[in-house]
Amino acid sequence: MMLGKFILGMSWMLPEQASTYAPEVDNLYLFLVGTTIFFTVLISAAILYFFVKFRRRSESEVPRPVAGSMVLETAWTVIPFFISIGMFAWGAKIYLDQYTIPNDAQDIYVVAKQWMWKFQHPEGQREINELHIPVGKKIRFVMATEDVIHSFYIPAFRIKEDVVPGPNRYSTVWAEATMTGTFHIFCAEYCGTSHSGMIGWVTVMDDKDYQAWLSGGAAQGSMAERGANLFQQFGCITCHKSDGSGQCPKLEGKYGTMETLQGGEKVLIDDSYIRESILSPLAKIVAGYQPIMPSFQGQASEEQLQMLIAYIKSIGPAAAAAPGAGGGSSKISPPGMNPAAQRPPIMSTGGASMIAPVGQPAQPVQAPPQSQK
Amino acid sequence: MSLIAVDPIEMGAPQVDGEPLSYLNDGHGLRSWLLTKDHKRIAILYLITVSTFFVIGGIFALLVRINLLSPNGVFDADTYNRLFTAHGIVMVFFFLVPAVPAILGNFLLPIMIGAKDLAFPKINLLSWYMYMLGATFGLIAIIAGGVDTGWTFYTPYSTSYSNSNVLLAGIGIFIVGFSSILTGLNFIVTTHTMRAPGMTWFRLPLFVWGQYATALVIMLATPVLAITVSLMALERIAHVGIFDPAMGGDPVLFQHMFWFYSHPAVYIMVLPAMGVVSELIANMSRKNVFGYKFVAMSSLAIAVFGFLVWGHHLFVSTQSVYLGLIFSFLSYAVAIPSAIKVFNWTATLYKGSISYDTPMLYGLGFIGLFLIGGMTGLYVAALGIDVHVTDTYFVIAHFHYVMVGGSLMGFLGGMHLWWGKMTGRQYPEYWARAAMVIQFVGFNLTFFPQFILGYLGMPRRYAAYPPEFQVLHVLSTAGASILGIGMLITIVYFIWSLKNGKRAPANPWGASGLEWRTSSPPPTENFYETPIVTWEAYEFAPIESMQVLGYPGDSSRSTQPVPKEHGTED
Ligand SMILES: [Cu+2]
Ligand SMILES: [Cu+2]
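Residues numbered from 1 in each chain as written. Chains lettered and ligands numbered in written order. Predicted model: local features only at pLDDT ≥ 70, side-chain atom pairs only at ≥ 80, totals over all residues. Heavy atoms only, no water.

Enquirer: Quick question: what am I supposed to make of the coordination of the copper ion (ligand 1) here?
Expert: Think of it this way: four donors in a tetrahedron around the metal ideally sit 109.5 degrees apart, and six in an octahedron ideally sit 90 or 180 degrees apart. All names here are of chain A. Of the protein atoms, only His150 (ND1), Cys187 (SG), Cys191 (SG) and Met198 (SD) coordinate the copper ion (ligand 1), at distances of 2.0 to 2.5 Å. Bound by four donor atoms, the copper ion (ligand 1) shows angles of 86 to 126° at the metal and therefore tetrahedral coordination geometry. Read in sequence order, the donor residues coordinating the copper ion (ligand 1) give the pattern H-x36-C-x3-C-x6-M. The exposure classification of Cys191 matches that of Met198, with both residues buried. (Donors = N, O, S within 2.8 Å, 3.2 Å for Na, K, Ca; no water. Tetrahedral: all angles 85-135°; square planar, octahedral: opposite > 155°, others 65-115°. Buried < 20%, exposed > 50% of the residue type's maximum accessible area, 1.4 Å probe, protein only.)

Following this line, the structure appears as C-alpha cells:
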C-alpha cells in the first residue's frame, strides 16, 4: 500500500507542484514518460526476442538475406512523425502560456549579480536571496543582471528564464503560486565561482500574511516614490518637464503607449524601452527631439533603474486619467482600477516587447508586432 | 574448420620476425611512425593519443563524481568548476569528436572502399600533428591553472569575467578544429574518387556512409567554431565589443554561434558511431542491413537537419518565442531519421544468425542506451518541458546517454570488431563480455538517477547542492565507479592482447566487407591485388568461400605471386 502510494504519488520523481503552470508541465511530462516507456519496452522486447530466437546455432551458419519493406519503412517514419507533432504542439502550447504575460500580473523586480538574487517589491520592500509572494496572484518577474548571465529558476513553479545583461532588455517571466510554502530558487546558468551558492527561497504566503509582511517591512517609501526622488536627484526633471516645456519629451501619461521615433518607426514604451533610453539614450530618439541626453550607464544602479521605471509607470496614462493616484502601488490605487492594467501584455522571453497577442483585453494602445532595434 | 580460422603464418604468408608481414612491421623505429603516410599507422597514432585523452577526461569525470558525494562538495567551488570544465573540454574536443573518425575512420575507410590510402596521405599526417598541437594547448590550459567557464564558454563570463586560461583552451580548440576539417576533407575526396572498381555508392558499407555524412558536417560546421572562438579571443584580448554588452556586444549572439557548431557536433560525435553500429549488427548477425538505403539516407538527413536545430539550446535565453517554436519543431523532425535507424537495426536482427560475441553486445548496448538518449531528446525538444529541465541534470543525463551511451558504445564495439584487424591479435572474449556488461550496468546506474535529479530541479554545474539530492548523487557516483572499473578492464586486456592475444585470422567473424578480404593486419597497400567488387553490401557468403583476395598463401589462388612492390617497400 505504502509503496503503491509512493509510486502513484510520484513524490520521488516530481517536485512539488506549486504553480498553475506546474501541473501542465507535469502532465505533458507524464504523457512523454508513458509514451517513451511504451516504445522503449516494445523495441527492447523485440530485440531481446530476436537475440534469443535467432541466436547463432552453428559457426558456419549463414542466414538468408531478408529484403526491405516499403510498408514498414513508411510506417515507422510516419507514425513517429505524427506522435512527434503531437508532442511538439502540446509543448508549444504550454510554452506560449508561460511567455504570454497576463496583463493583470503584479511586478516583482529582480536584480541578479554574482552571486545573489536581489528583489524589490513595488511597495518598497527589498530582499536578498529571499522572496515573499502572495498565493493565487499572478506575478511578473522583471529581471536584470549587473554582470554575467544568470538564470532565474524555481523548480516548484517549473519556471526558468535567463537574465541576460544588456542595456536594451529586461528578462521577464511570470508565475502564479497555488500553494503556500517555501521553495528553492536556483541560478541555473553557470555564472562563476559561487554559482552553486546563488540560491535562495521563495516563500509563498496567503494574501493576509503577505499584506502583513509588506506592512512590516522597511518603510522607505514605495519604489515609485523612491523613483520620484531619483528623478530629481539625477536631474531628469530639468529636461523631462511635466508641462512639456523641456528639451525632452514629457513622461507623464506615456507608459504603455506608442512613441514615434525619428525616421517614423514606432516603439512601445515599456520597461525595456525605458531602461534602454536611460542607459543608451541615443539608440532610439523620439521624433522632434535632439539627441542630447547623456547615458546613465554606471551611474544608476539596476535597482535605481527599476525604481525610475516604477515611477514613470506610476505617472502613466491611468494615473494621468485619475489625478492624485500617484505611487503606483496596488495599495494606494483608486478602487476599481488595477494599475497593472496600464501595462500592455507582452509576449516575450525577455528582451523586447515583441508581440501583442491578439484577443487580449483592450489596451491603451494596441501594440503592433515590432522588433527591437 | 573453415578458412577463417587459419593462422596466416601457417598459410605461408611472408614473415618478419615470426609475425606476418603487415603495415605494423613494414618499417621500424619511432621515425617510421612519426613520419608515416600510411592511414593505418596514422590511425594507430590517433588511437594512442585519443585514448590517452579519454583516460584523462575519465579521471576528471570521477573527480567530479567524488565531489558530488557530499552536498557541501569535497573540493572548493573553484576547483570543482575547473574539474567539470576540464572533463567537458577534454571529452568533447579531444576525445569524442576525433574518436571514431580519426581512429576507426582513418583505418577502415580506405580499406572498406578498396583503396590503398586516403586521397591526401600527407594532409592526413598533418591533421594528426594539428590534433597533437591543439591538444597540447588544451592540456597546458588545464594543467596551468585550468579553465572555469564550462566547455560552453558562455559570454560575457568567458570574455570579461573569468580569470582562467580561456585563451589557451580556445587556441587548442581552434587548432583541433582544423585537424577535424582536414580529416573531413580527406574522407569526402577519398569516398568520391578512390572507390574500387564496382564499389558503387549503394554498395558502400554503412560505416562509410556514416563517415561521409560526418565529414560533411565537420566541413560545414567547424569553421563556425573557429570563428566563434576567434571572436571570443578578440574580445578577451583587444576588448572589441562583440558579445559583452558592456562593450556594446550581444551575449546571446555567442550562444547562437556556439550552438551552430555544437549542435551539429553532437552528430559529429554520434553519426560515425551509428555507422559502426550498422557494421556491428550486420556482421555479428550475418544479415544484410534491413532498409540499407533508408539507413544510409537517414545519415544524410541527420547531417542536414542537424544544422537547423541549434536554437533548441536557447529556449530560455530570451530568444523570440516564435524562434523557439520553429526550433522545437525542427528538433522533432531530426528525431525521425534516428528512429528510422533504430527500427532498421532491430529488423536486421530478424532471422539473423546472432553471435553473442562482444561486438554484438556493444551493438545492442548502443541501441539500448541510444534509445533512452533519443527518447529523452523528445522531452527536451518539448518547449514546455525544456523550460523546466534545461540546465539541470536531466540534460546532463540526456546527452550522456547519447554521447557516452551512443558514441562510446559504438566506438568500443568498433574497437572490438576491428581490434584483430588493426593489431593482428584478438582480445580475450570472456573478459570483453564481462567488461561490456559491467560498463552497461555502471553507465545506467550513473546516468539514470540524473534524469530524476534533473526533473526534481537539480541544476547542473553546482559544486554544492541541497541535501535532498544526495541519495541520487551517491547512486550516480557508485555507478561511475563501476563504469570506471569496466573501462579499466577493457584497457588492460586490450594492452595485454597485443602480446598475448590469439593471432587474428583474416576474417574472425565470418563478416562481409572488403576489410575482411585482406589479412589481419593488412599489408601497407591494404590489398594484395586491387579488389573488384561484384557483390552488394552485406552479402554474406558461406564462410568457406570468404577468401583473402590475392592472398599469397591462398591455395585457391595459387597462381598469385606476392605483389612485387611489397617486399621492396622500406
Ligand atoms: Cu548566477
Ligand atoms: Cu542541440
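From this point, the narrative continues.
Enquirer: Help me understand the coordination of the copper ion (ligand 2) in this model?
Expert: Residue and element names in this part refer to chain B. The protein atoms that coordinate the copper ion (ligand 2) are His263 (ND1), His312 (NE2) and His313 (NE2), at distances of 1.7 to 2.0 Å. Written as a sequence motif, the donor arrangement for the copper ion (ligand 2) is H-x48-H-H. In this pair, His263 sits in helix H8 (residues 251-285) while His313 sits in the loop between helix H9 (292-305) and helix H10 (321-349), placing the two residues 50 residues apart along the sequence. Residue classification places His313 among the partly exposed positions, given a relative accessible area of 24%. (Helix = DSSP H or I, 4+ residues; strand = E, 2+ residues; numbered from the N terminus.)

Enquirer: For this particular structure, what's the right way to read the sheet that holds strand E7 (residues 159-163) of chain A?
Expert: By way of backbone hydrogen bonds, the strands of a sheet pair with one another, either parallel or antiparallel. Residue and element names in this part refer to chain A. If you trace the five strands from one edge of the open sheet to the other, you get E4-E10-E9-E6-E7, paired in mixed fashion. Only two strands of the sheet have a single neighbouring strand rather than two, namely strand E4 (130-134) and E7. Neighbour-to-neighbour, the strand axes of the sheet open up by a mean angle of 25°, direction not taken into account. For strand E6 (residues 150-154) and strand E9 (residues 181-187), the ladder comprises two bridges, and the chain directions are antiparallel. Bridging from a neighbouring strand, Phe152 pairs with Cys187 of E9. Running at roughly 130° to E4, helix H4 (residues 207-216) makes contact with E4 and strand E10 (200-205) of the sheet. (Pairing = 2+ DSSP bridges. Axes fitted to C-alpha atoms, helices over the stretch in contact; angles between N-to-C directions. Contact = heavy atoms within 4.5 Å.)

Enquirer: Explain the nonpolar core here, please?
Expert: Across soluble globular proteins, nonpolar side chains have a tendency to be buried as a group. Counting 249 residues, the largest nonpolar core has Trp117, Phe141, Phe152 and Phe157 of chain A together with Leu104, Phe411 and Trp418 of chain B as its most contacted members. When residues in this core are grouped by element, the largest group, 23 residues, is from helix H3 (residues 77-112) of chain B. Summarising the domain contributions, this core has at least three residues from each of domain 1 (2-43 + 72-99) and domain 2 (106-214) of chain A. Judged by nonpolar contacts, the second largest core, of 29 residues, contains Val142, Leu261, Val267 and Ala310 of chain A. (Core = buried A, V, L, I, M, F, W, Y, C linked by side-chain atoms within 4.5 Å. Domains from an automatic or database assignment.)

Enquirer: Would you mind showing me how to read the packing of aromatic side chains here?
Expert: Aromatic rings considered in pairs are described by the distance between their centres and by the relative angle of their planes. With the rule as written, the count across this model stands at 64 aromatic pairs over all chains. Plain terms: the ring middles of Tyr153 of chain A and Phe186 of chain A are 6.2 Å apart, the flat faces sit at 50° to each other, and that makes the pair tilted. Of the two residues, Tyr153 of chain A is situated in strand E6 and Phe186 of chain A in strand E9; the sequence distance between them amounts to 33 residues. On the basis of relative accessibility, which here comes to 0%, the residue Phe186 of chain A falls in the buried class. Site record: aromatic cluster; members linked through ring pairs are Tyr29 of chain A together with Tyr379, Phe394, Tyr401, Phe443, Phe447, Phe448, Phe451 and Tyr455 of chain B. In this arrangement the basic side chain of Arg517 of chain B is found over the ring face of Trp535 of chain B, its NZ or CZ atom lying 4.4 Å from the centre. (Phe/Tyr/Trp six-rings, centres within 6.5 Å; stacked < 30°, edge-to-face > 60°. Lys NZ or Arg CZ within 6 Å of the ring centre and 35° of its normal.)

Enquirer: For this particular structure, what's the right way to read helix H11 (residues 358-381) of chain B?
Expert: Helical geometry note: an α-helix holds 3.6 residues per turn, so side chains three or four residues apart project in the same direction. For H11 of chain B, with 24 residues, the first-to-last C-alpha span of 34 Å sits near the 34 Å given by 1.5 Å per residue. Counting buried positions along H11 of chain B yields 22 of 24 residues, so the element is predominantly enclosed. (Expected span 1.5 Å × (residues − 1).)

Enquirer: Help me out: how do you make sense of a nonpolar patch on the surface in this one?
Expert: Residues and elements named next belong to chain B. A cluster of nonpolar side chains, namely Val55, Ile59, Ile491, Ile495 and Leu498, defines an oily patch on the protein surface of about 420 Å² accessible area. Every element with two or more residues in the nonpolar patch is listed here: helix H2 (39-67) and helix H15 (470-500). With respect to the element layout, Ile59 can be found in helix H2. Using a relative accessible area of 48% as the deciding quantity, one classes Ile59 as partly exposed. (Patch = residues over 30% accessible without salt bridge, like charges linked within 9 Å, V, L, I, M, F, W, Y side chains within 5 Å. Areas by Shrake-Rupley, 256 points an atom, 1.4 Å probe, with all protein chains shown as cover. Salt bridge = Lys/Arg side-chain N within 4 Å of Asp/Glu carboxyl O.)

Enquirer: Got a minute to help me understand the interface of chain B and chain A in this structure?
Expert: Buried accessible area, meaning the area lost when the parts come together, often serves as the stated size of an interface. If you look at the interface, chain B gives 93 residues, while chain A gives 91 residues. For the pair chain B and chain A, the summed buried area comes to about 7,700 Å², and 69% of that belongs to carbon and sulfur atoms. Our enumeration of links across chain B and chain A arrives at two salt bridges. A salt bridge links Glu59 of chain A to Arg286 of chain B; its shortest N-O distance comes to 3.4 Å. Secondary-structure elements contributing two or more residues to the side of chain B that touches chain A are H3, helix H5 (157-161), H8, H10, H11, helix H12 (383-389) and helix H14 (429-456) of chain B. In terms of residue count, H10 of chain B provides more of the side of chain B that touches chain A than any other element does, 14 residues in total. In terms of residue class, the side of chain B that touches chain A is built from 56 nonpolar, 25 polar and twelve charged. (Buried area = accessible area lost by both parts, 1.4 Å probe. Nonpolar A, V, L, I, M, F, W, Y, C, P; charged D, E, K, R; others polar.)

Enquirer: Explanation requested: a positive patch on the surface in the structure shown.
Expert: Together, Lys53, Arg55, Arg57 and Arg64 of chain A together with Lys351 of chain B give the surface a local cluster of positive charge. Structurally, Arg57 of chain A is set in the loop between helix H2 (21-53) and helix H3 (70-99). (Lys, Arg positive; Asp, Glu negative; His and termini not counted. Charge placed at Lys NZ, Arg CZ, Asp CG, Glu CD.)

Enquirer: It is not clear to me how the domain arrangement of chain A should be interpreted in this structure. Could you clarify?
Expert: Residues and elements named next belong to chain A. Parsing chain A into structural domains produces domain 1 (2-43 + 72-99), domain 2 (106-214) and domain 3 (221-368). With 13 residues of domain 1 in contact, the opposing surface of domain 2 contributes 15 residues. Summed over both partners, the interface of domain 1 with domain 2 comes to about 1,200 Å²; 49% of that surface belongs to carbon and sulfur atoms. Applying the counting criterion to the domain 1 and domain 2 interface returns one salt bridge. Between Arg158 and Asp26 there is a salt bridge whose closest N-O contact spans 2.6 Å. Summed over the shared surface of domain 1 and domain 2, the result is twelve residue pairs in polar contact (both at pLDDT 80 or more). The set of elements that each furnish at least two residues to the side of domain 1 that touches domain 2 consists of H2 and H3. Among the elements that take part in the side of domain 1 that touches domain 2, H2 stands out by supplying four residues, more than any other. Split by residue class, the side of domain 1 that touches domain 2 holds six nonpolar, four polar and three charged. (Polar contact = N/O pair within 3.5 Å; in protein donor to acceptor, adjacent residues only side chain to side chain.)

Enquirer: Would you take a moment to explain the packing of H9 of chain B against H10 of chain B for this structure?
Expert: Geometry of a packed helix pair, given as the angle between the helix axes and the separation of the axes. Residue and element names in this part refer to chain B. Where H9 meets H10, the axes come as close as 9 Å, and the angle between the chain directions of the two elements is 155°. Classified by the angle between their axes, H9 and H10 sit roughly antiparallel to one another. Handedness of the H9/H10 crossing: left-handed. Where H9 abuts H10, its residues Phe294, Val295, Ser298, Ser299, Ala301, Ile302 and Phe305 lie against Ala333, Val334, Pro337, Ser338, Ile340, Lys341 and Asn344. Residues of the contact of H9 with H10, tallied by class, amount to nine nonpolar, four polar and one charged. (Parallel < 35°, antiparallel > 145°, perpendicular 65-115°, else oblique. Left-handed = near helix turned anticlockwise from the far one by under 90°.)

Enquirer: I tried to follow the pairing of strand E5 (residues 138-145) of chain A on my own but got confused; where do I start?
Expert: The two faces of a sheet get side chains in turn, since along a regular strand they alternate between them. Residues and elements named next belong to chain A. The buried fraction of E5 is high, at seven of eight residues. With six bridges joining them, E5 and strand E8 (residues 171-176) adopt antiparallel strand pairing. Looking at E8, one finds that Lys138 is bridged to Glu176.

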